Amino acid sequence: MKENQIMQGFELAKEQYAEIGVDVEQAIAKADSIAVSMHCWQGDDVIGFDGSDSLSGGIQATGNYPGRARTPDELRADIDKARSLIPGKTKLNLHACYAEKNGRTVDRDAYTAAEFSNWIDWAKAGGIGMDFNPTFFSHPMMDGNFSLSSFDEAKRGFWVEHGKRCLEIGGAIAGGTGQPCLVNFWMPDGYKDTCADTVTRRELMTRSLDEIFSVPHDGKKVLTAIESKLFGLGVESYTVASHEYSLGYAISRKMLYTLDAGHFHPTEVISAKISA
């Protein structure tokens, strides 16, 4: 009975859309042909596999919810199950902190495709693509809430190298899967209070990003994007890579721009950004 009501509603909607020239079946088929990049971090509550035992930076996730994936194999199995229930095409968006070190000592500024070979093999076997994110949080080299805009040159340099390595890994992912890899940059940098100087941190951020994107990469295989992010609780007081900053950087560098549906000021919504 309920299924019949749903289908009746669907048929009614098709008729109404047809009146304004929209072919619903064609629209659904077109939507199904576009791969939605599903994120990896819901499966293990953002903790990753590169050694972090807790989360930092004001993030609301705890890293220890009951039933979370404890190993990369468990997470991949969970993702396989989720994909079997999700209609349309999908791909995976993987964070750098999901590296598999296999007992070796290697930090984020020295990651290579070797730490992600199991992920690439898994994606290739499943016939899906992968996108990639650097991980600028939950690490001893974070300078409080700052990474690429840190005043500490050693720490800033560490994160610049991490960004460069992520572009190289994106190239390996694209090569291994045979599909373009979008490498999306978002940084949690920000103050939890109102600062007098809003310029200097952004000058450092621009310098760092320019250094990262100077790494040679095939723009058809490795798609670069920047995303504004109010990452931690309270940093809406001052976010270095704010919406205005990130949009301006993306336009000036001819990059893609990513909008996060949840990380805006409390009074802002993503629909306002899109319409603007």
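The following paragraphs examine the structure supplied in this document. (Residues numbered from 1 in each chain as written. Predicted model: local features only at pLDDT ≥ 70, side-chain atom pairs only at ≥ 80, totals over all residues. Heavy atoms only, no water.)

With that settled, consider the overall build of the protein chain. Each helix and strand counted, the protein chain has 8 helices and 8 strands in total. Seen through its C-alpha atoms, the protein chain measures out along the principal axes to roughly 65 × 45 × 40 Å. Taking all 276 residues of the protein chain together, the buried fraction comes to 42%. Put simply, of all contacts in the protein chain between residues at least 6 apart along the chain, 73% involve residues at least 24 apart. Surface summary for the protein chain: the accessible area is close to 14,200 Å², and the carbon and sulfur share equals 55%. (Helix = DSSP H or I, 4+ residues; strand = E, 2+ residues; numbered from the N terminus. Buried < 20%, exposed > 50% of the residue type's maximum accessible area, 1.4 Å probe, protein only. Contact = heavy atoms within 4.5 Å. Areas by Shrake-Rupley, 256 points an atom, 1.4 Å probe, with all protein chains shown as cover.)

This part covers a nonpolar patch on the surface. A contiguous nonpolar surface patch, about 300 Å² in accessible area, is contributed by Tyr 17, Ile 20 and Val 22. The topology assignment puts Ile 20 in the loop between α1 (2-19) and α2 (24-32). The class of Ile 20 is exposed, set by a relative accessible area of 64%. (Patch = residues over 30% accessible without salt bridge, like charges linked within 9 Å, V, L, I, M, F, W, Y side chains within 5 Å. Salt bridge = Lys/Arg side-chain N within 4 Å of Asp/Glu carboxyl O.)

Moving on to the pattern of salt bridges. Taken as a whole and judged by the stated rule, the model has 18 salt bridges. The salt bridge partner of Lys 91 is Asp 131, with a shortest N-O separation of 3.0 Å. Of this pair, Lys 91 sits in strand β2 (residues 90-95) while Asp 131 sits in strand β3 (residues 130-133); the two residues are 40 residues apart in sequence, bridging distant segments of the chain. Note on accessibility: Lys 91 and Asp 131 belong to one class, buried. For the salt bridge of Glu 227 with Lys 229, the shortest nitrogen-to-oxygen distance reads 2.9 Å.

Turning next to the state of the cysteines. One covalent bond between the sulfur atoms of two cysteine residues makes up a disulfide. Scanning the entire structure with this criterion turns up 0 disulfides. Free cysteine Cys 181: the closest other cysteine sulfur is in Cys 166, separated by 9.7 Å. Owing to a relative accessible area of 0%, Cys 181 belongs among the buried residues under this scheme. (Disulfide = S-S within 2.5 Å.)

Of note, the phi angle at Asp 45 is positive, near 65 degrees, even though the residue is not glycine. Inspection of the secondary structure puts Asp 45 in the loop between β1 (36-39) and α3 (72-85). Of note in the backbone geometry, Val 46 takes a positive phi value of approximately 75 degrees without being a glycine. Here Val 46 lies in the loop between β1 and α3.

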